[in-house]
Amino acid sequence: MKQTLNIGMAGAGLSCAVIARLLAEAGHRVQLFDRRSHVAGNCHTERDGETGVMVHTYGPHIFHTDDDEVWDFVNRYQRFMPYVNRVKATTGGRVYSLPINLHTINQFFGRTFNPAEARAFIEAQADTSITAPQSFEEQALRFIGRPLYEAFFRGYTRKQWEVDPARLPAAILKRLPVRFNYDDNYFAHKHQGMPEHGYTAMVERILDHPGIAVTLNAELSPSAVGDYDHVFWSGPMDGFFGYDQGRLRYRTLDFQKFSGQGDLQGCAVMNYTDEAVPYTRITEHKHFSPWEQHAGSVCYREFSRACGPDDIPYYPVHLTEGDDLVRAYQARAQAQPNVTFVGRLGTYRYMDMDVTIREALNAARAFLARRQA
Ligand SMILES: Cc1cc2nc3c(=O)[nH]c(=O)nc-3n(C[C@H](O)[C@H](O)[C@H](O)COP(=O)(O)OP(=O)(O)OC[C@H]3O[C@@H](n4cnc5c(N)ncnc54)[C@H](O)[C@@H]3O)c2cc1C
């Protein structure tokens, strides 16, 4: 006879919500805890009390993926509205288009290049003495040259990470390609959109199953692991071990809100790449729901700083020299017999939502397959 398992979960963000759904559909009982007052973790959205605008409380989230199964999965729980992310950047007192594309190059250098001319021009700027870029800075100098690197990346990166770009891994820049055409769609993925009623409504529907119970404003303590047949942990990996070897390094964000009437900046995301400007970007949230109409508008200036013990951990800090502490916690996490560490905090990695969902689907299926075996 098939045994019903009691599963505990730390966190009601996307990772645990997706795993909970698959396990509940397989007949198991799942109890999720989240220390926050809402589900959806960092993807949480809510209506701003003053303007009615749908606000992304922990920073803007745009859904984009090449993974058809993940796209079908999210569309089962919420209608996704067409949305294309177009980001602008202010640098040196002028506004440019991102990611760096033919318009940016022509504007920045005051030229009228066609694609082939622009490619040849940028190649001539590139530092070809760097054959195997190791760091973010080397990667940028190798592929876009110093003027574009200093205008668009150096200051922004120093504000975002507070370390010299020479100490950041090259992989960070691979996410921002240069384009030699006028395509300013920030993401090159097959699917892109925004959930019509926000991410929290979507996660609530994922969790809406008789086999799933959610307790908010409550922690799952590592000492309670023994109360369950298995635990999925999407909280901080070092937190599970009481930070006994020290804290993993994160960046946190501070959001400074301002509001007004009409359209305040004319776009959803404006990056400020000069180091002298203390914030990294301003986001105007009504533009993330272009199918809605609101007279008022709400914006957030975003500031990045080192994460203290009482702050919300946002971005893990990975440096070129690696980190023994991360490896030590990872080894201990893998050795836990009845706990699976999942998600951005549980695995100490930056993961977009589609990657989070893909890994959650895989983790749930692997768990079910192991039980069956
Ligand atoms: C600023 C920012 C912007 C982003 N923008 C995008 C974007 O545009 N597009 C995109 O695809 N992705 C984006 N992401 C990534 C996205 O936020 C993640 O993919 C997603 O949130 C990961 O979900 P998760 O469930 O793993 O973690 P989380 O969302 O962090 O959820 C974990 C939850 O666990 C709770 N918790 C932790 N420990 C415990 C405990 N012991 N007991 C109870 N509860 C606990 C926490 O309160 C939290 O609610 C962004 C991330 C950040 C930081």
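Residues numbered from 1 in each chain as written. Predicted model: local features only at pLDDT ≥ 70, side-chain atom pairs only at ≥ 80, totals over all residues.

### Re the overall build of the protein
Then comes step 1: When helices and strands are counted, the protein shows eleven helices and 17 strands.
Then comes step 2: A compact globule built from 373 residues would reach a C-alpha radius of gyration of about 21 Å, and the protein, at 22 Å, matches this within 12%.
Then comes step 3: Projected onto its principal axes, the C-alpha coordinates of the protein cover approximately 70 × 50 × 35 Å.
Then comes step 4: Looking at the protein alone, contacts between residues at least 24 apart form 73% of all its contacts between residues at least 6 apart. (Helix = DSSP H or I, 4+ residues; strand = E, 2+ residues; numbered from the N terminus. Rg over C-alpha atoms; globule rule 2.2 N^0.38 Å. Contact = placed C-beta atoms within 7 Å.)

### Here we look at the site of the ligand
Then comes step 1: Taken together, 33 residues lie around the ligand, and Gly11, Gly13, Gly41, Gly235 and Gly343 are the ones closest in.
Then comes step 2: Counting residues per element, the ones that place at least two in the shell around the ligand are helix H1 (14-25), strand S2 (29-34), helix H10 (343-346) and helix H11 (353-372).
Then comes step 3: Residues belonging to the shell around the ligand are distributed by class as follows: 15 nonpolar, eleven polar and seven charged. (Near = placed C-beta within 6 Å. Nonpolar A, V, L, I, M, F, W, Y, C, P; charged D, E, K, R; others polar.)

### Some words on the nonpolar core
Then comes step 1: If you look at the biggest cluster of nonpolar residues, it comprises 76 residues, and the most contacted ones within it are Met9, Ala17, Ile19, Ala20, Leu32, Val203 and Leu207.
Then comes step 2: When residues in this core are grouped by element, the largest group, eight residues, is from H1.
Then comes step 3: Shared between two domains, this core holds at least three residues of each, these being domain 1 (6-39 + 207-247 + 321-372) and domain 2 (87-175).
Then comes step 4: When near neighbours in sequence (up to four residues on either side) are disregarded, Val203 contacts Leu14, Ala17, Val39 and Ala40.
Then comes step 5: Residues Val55, Ile282, Val298 and Cys299 belong to the second largest nonpolar core, which totals seven residues. (Core = buried A, V, L, I, M, F, W, Y, C linked by C-beta atoms within 7 Å. Buried ≥ 20, exposed ≤ 12 C-beta atoms within 10 Å, placed from the backbone. Domains from an automatic or database assignment.)

### A short note on the pairing of S2
Then comes step 1: Two elements, strand S1 (residues 6-10) and S2, share five bridges in a ladder whose sense is parallel. Bridge pairing in S2 links Gly8 to Gln31.
Then comes step 2: Two strands pair when backbone bridges link them, and S2 and strand S10 (residues 212-216) are joined in this way by five bridges, in the parallel orientation. Within the sheet, the bridge partner assigned to Asp34 lies in S10 and is Leu216. (Pairing = 2+ DSSP bridges.)

### Some details on helix H7 (residues 199-206)
Then comes step 1: For H7, the complete set of buried residues consists of Tyr199, Met202, Val203 and Ile206. In an axial view of H7, the angular spread of the buried residues amounts to 95°, which keeps them on one side of the axis. (Arc of directions from axis to C-beta.)

### Observations regarding the packing of helix H5 (residues 136-143) against helix H6 (residues 146-161)
Then comes step 1: It is at 9 Å that the axes of H5 and H6 come closest, and there the two elements cross at 155°. Considered as vectors, H5 and H6 are oriented roughly antiparallel to each other. Relative to H6, H5 is oriented so that their crossing is right-handed. Across the interface between the two elements, Phe136, Ala140 and Leu141 from H5 touch Arg146, Tyr149, Phe153 and Thr157 from H6.
Then comes step 2: For the contact of H5 with H6, a count of residues per class yields five nonpolar, one polar and one charged. (Axes fitted to C-alpha atoms, helices over the stretch in contact; angles between N-to-C directions. Parallel < 35°, antiparallel > 145°, perpendicular 65-115°, else oblique. Left-handed = near helix turned anticlockwise from the far one by under 90°.)

### Describing helix H2 (residues 68-77)
Then comes step 1: When H2 is considered as a whole, its buried residues turn out to be Val70, Trp71, Phe73 and Val74. Projected down its long axis, H2 carries its buried residues within an arc of 160°, all on one side. The exposed set on the far side of H2, more than 90 degrees from its buried face, consists of Asp68, Glu69, Asp72 and Arg76.
Then comes step 2: Those residues of H2 that are buried are in contact with strand S5 (63-65), strand S6 (80-82), strand S9 (191-195), H7 and H11.

### As for the sheet that holds strand S11 (residues 230-233)
Then comes step 1: The strand order S10-S2-S1-S11-S17 describes an open sheet built from five strands, whose pairing is parallel. Edge positions in the open sheet fall to S10 and strand S17 (339-341), since each of these has one partner strand only. This sheet shows a mean twist of 20° between the axes of neighbouring strands, independent of strand direction.
Then comes step 2: Bridge analysis of S11 against S17 gives three bridges, and the strand direction is parallel. Across the sheet, residue Phe232 finds its bridge partner in S17, namely Thr340.

### Side note on the environment of His287
Then comes step 1: Relative to the helices and strands, His287 resides in the loop between strand S14 (281-284) and strand S15 (296-306).
Then comes step 2: Exposure remark for His287: the 21 C-beta atoms within 10 Å place this residue in the buried category.
Then comes step 3: With 234 residues separating them along the chain, His287 and Val53 place their C-alpha atoms 9.3 Å apart.
Then comes step 4: Every residue in contact with His287, bar those within four places of it in the chain, is listed here: Cys267 and Ala268.

### A look at the domain arrangement of the protein
Then comes step 1: Per the domain assignment, the segments making up the protein are domain 1 (6-39 + 207-247 + 321-372) and domain 2 (87-175).
Then comes step 2: The centre of domain 1, based on its C-alpha atoms, is set 38 Å off from the matching centre of domain 2.

### Observations concerning unusual backbone geometry
Then comes step 1: The residue after Leu98, namely Pro99, is reached through a cis peptide bond having omega -15°.
Then comes step 2: Relative to the helices and strands, Pro99 resides in the loop between strand S8 (94-98) and helix H3 (102-109).
Then comes step 3: Its identity is not glycine, yet Ala40 carries a phi of approximately 85°, on the positive side.
Then comes step 4: In this structure, Ala40 sits in the loop between S2 and strand S3 (45-47).
Then comes step 5: With 26 C-beta atoms counted inside 10 Å, the residue Ala40 sits in the buried group.
Then comes step 6: Despite not being glycine, Glu162 shows a phi value in the positive range, around 55°.
Then comes step 7: Structurally, Glu162 can be placed in the loop between H6 and S9.
Then comes step 8: Note on Glu162: 12 C-beta atoms within 10 Å, which makes it exposed.

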